[in-house]
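For reference, the chains in residue letters:
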Amino acid sequence: MSSSTERFARTADLVAARQDSRAPRLAEEVRDFVRPRGDEHCLDVGTGAGALAFALAPLVREVVGLDPVLELLELARARRLANTEFVEGDGTALPFADGTFDLAGTHRTLHHVAQPELVVAELARVTRIGGHVLVVDQLAPVDPAAASALHEFETARDPSHTRLLTDVELRKLFAANELSLVR
Ligand SMILES: C[S@@+](CC[C@H](N)C(=O)[O-])C[C@H]1O[C@@H](n2cnc3c(N)ncnc32)[C@H](O)[C@@H]1O
């Protein structure tokens, strides 16, 4: 287990309680931003207790949530909806074939992964051509001094924090994986 996954195993109940309190707002944001058709097969990487999966579930055909932390997956399964499924796995090496999903997303997870570029590459790989990748995360400030100060603050607050990407870094990752920015 990495320090990130240990931290989430230890605080699983807290993560799930925060998720529950934010759920109505996230559901609204996902509906307005993603605007699904209704027939999509979706993936939520770093699902935790299922935050993005449950926001998507009423709007799409089915959602698979994936996370390495069993304690969180248990809480997700306890909240399970009929069209959701939760599996153990690592976002940097997804156990799915190329082009499996219509929509693959990740919510507030990239900055907890040592190599976020691998997660973006895996999201792109498992999404079918013409499908969509959704990345939701905090952005690093463009100013290097402000980025460094924020990094120190976030790491002190939460040792599972790895790094925030800037808007430019994310755009470069999307381009490197042949993703074009829609919104
Ligand atoms: C801040 S929580 C966010 C959970 C959920 N997406 C949400 O919005 O409530 C970060 C999540 O990233 C997961 N995580 C950490 N490393 C990961 C990895 N290599 N692959 C997939 N998920 C990972 C953690 O287990 C945790 O569930």
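Here, every reference points to the structure presented above.
Residues numbered from 1 in each chain as written. Predicted model: local features only at pLDDT ≥ 70, side-chain atom pairs only at ≥ 80, totals over all residues. Heavy atoms only, no water.

**What to know about the site of the ligand**
Here is step 1: If you check the shell around the ligand, you find 17 residues, and the closest are Gly 46, Asp 67, Asp 90, Gly 91 and His 107.
Here is step 2: In the model, a nitrogen atom of the ligand is placed 2.7 Å from a nitrogen or oxygen of the Gly 46 main chain.
Here is step 3: Contacts to the ligand include His 107, whose side-chain N or O atom sits 2.6 Å from an oxygen atom.
Here is step 4: For the ligand, whose free accessible area comes to 600 Å², the fraction covered by protein is 94%.
Here is step 5: Broken down by class, the residue content of the shell around the ligand amounts to six nonpolar, eight polar and three charged. (Near = heavy atom within 4 Å. Polar contact = N/O pair within 3.5 Å; in protein donor to acceptor, adjacent residues only side chain to side chain. Areas by Shrake-Rupley, 256 points an atom, 1.4 Å probe, with all protein chains shown as cover. Nonpolar A, V, L, I, M, F, W, Y, C, P; charged D, E, K, R; others polar.)

**Side note on the pattern of salt bridges**
Here is step 1: Tallying each qualifying case throughout the model produces 12 salt bridges.
Here is step 2: Measuring nitrogen to oxygen at the nearest pair gives 3.2 Å for the salt bridge that ties Arg 25 to Glu 29. With Arg 25 and Glu 29 both in helix H2 (residues 12-34) and four residues apart, this pair spans about one turn of that helix.
Here is step 3: In this structure Arg 25 comes out as exposed when scored by relative accessible area, which is 61%. (Salt bridge = Lys/Arg side-chain N within 4 Å of Asp/Glu carboxyl O. Helix = DSSP H or I, 4+ residues; strand = E, 2+ residues; numbered from the N terminus. Buried < 20%, exposed > 50% of the residue type's maximum accessible area, 1.4 Å probe, protein only.)

**As for the pairing of strand S5 (residues 127-136)**
Here is step 1: Pairing geometry for strand S4 (residues 101-107) and S5, over six bridges, is parallel. Bridged to Phe 101 within S5 is Thr 127.
Here is step 2: In this region the chain leaves S4, passes through helix H5 (residues 116-126) and returns to the parallel neighbour S5; the handedness of that crossover is right-handed. (Pairing = 2+ DSSP bridges. Right-handed = clockwise from strand over helix to strand, strands pointing away.)

**Observations regarding the packing of aromatic side chains**
Here is step 1: Scanning the entire structure with this criterion turns up two aromatic pairs.
Here is step 2: Judged by centre distance (5.4 Å) and plane angle (55°), the ring pair of Phe 54 and Phe 86 falls under tilted. Taken as a pair, Phe 54 in helix H3 (residues 51-56) and Phe 86 in strand S3 (residues 84-88) lie far apart in primary sequence, 32 residues in all. Each of the two residues, Phe 54 as well as Phe 86, counts as buried.
Here is step 3: Summarising the aromatic geometry, the rings of Phe 96 and Phe 101 are spaced 5.0 Å apart at their centres and angled 90° between planes, so their arrangement reads as edge-to-face.
Here is step 4: You can call Phe 101 buried: its relative accessible area is 1%.
Here is step 5: Note that Arg 183 overlies the ring of Phe 33, its terminal NZ or CZ placed 5.6 Å from the centroid. (Phe/Tyr/Trp six-rings, centres within 6.5 Å; stacked < 30°, edge-to-face > 60°. Lys NZ or Arg CZ within 6 Å of the ring centre and 35° of its normal.)

**Regarding the environment of Asp 143**
Here is step 1: Among the structural elements, Asp 143 can be located in the loop between S5 and helix H6 (144-157).
Here is step 2: Taking relative accessible area as the criterion, Asp 143 reaches 42% and is therefore assigned partly exposed.
Here is step 3: Residues Asp 143 and Thr 166, 23 residues apart in the sequence, show an inter-C-alpha distance of 9.7 Å.

**A short note on the environment of Val 119**
Here is step 1: Tracing the chain through its elements places Val 119 in helix H5.
Here is step 2: On the accessibility criterion, Val 119 (2% relative accessible area) is buried.
Here is step 3: Along the chain, Val 119 and Thr 109 lie 10 residues apart, while their C-alpha atoms are 9.5 Å from each other.
Here is step 4: Contacts of Val 119, omitting those with residues within four sequence positions, involve Val 45, Gly 91, Thr 92, Leu 110 and Val 113. (Contact = heavy atoms within 4.5 Å.)

**Here's the deal with the environment of Ser 4**
Here is step 1: In this fold, Ser 4 is placed in helix H1 (residues 3-10).
Here is step 2: Taking relative accessible area as the criterion, Ser 4 reaches 10% and is therefore assigned buried.
Here is step 3: In this structure the C-alpha to C-alpha distance between Ser 4 and Thr 127, which are 123 residues apart in sequence, comes to 26 Å.

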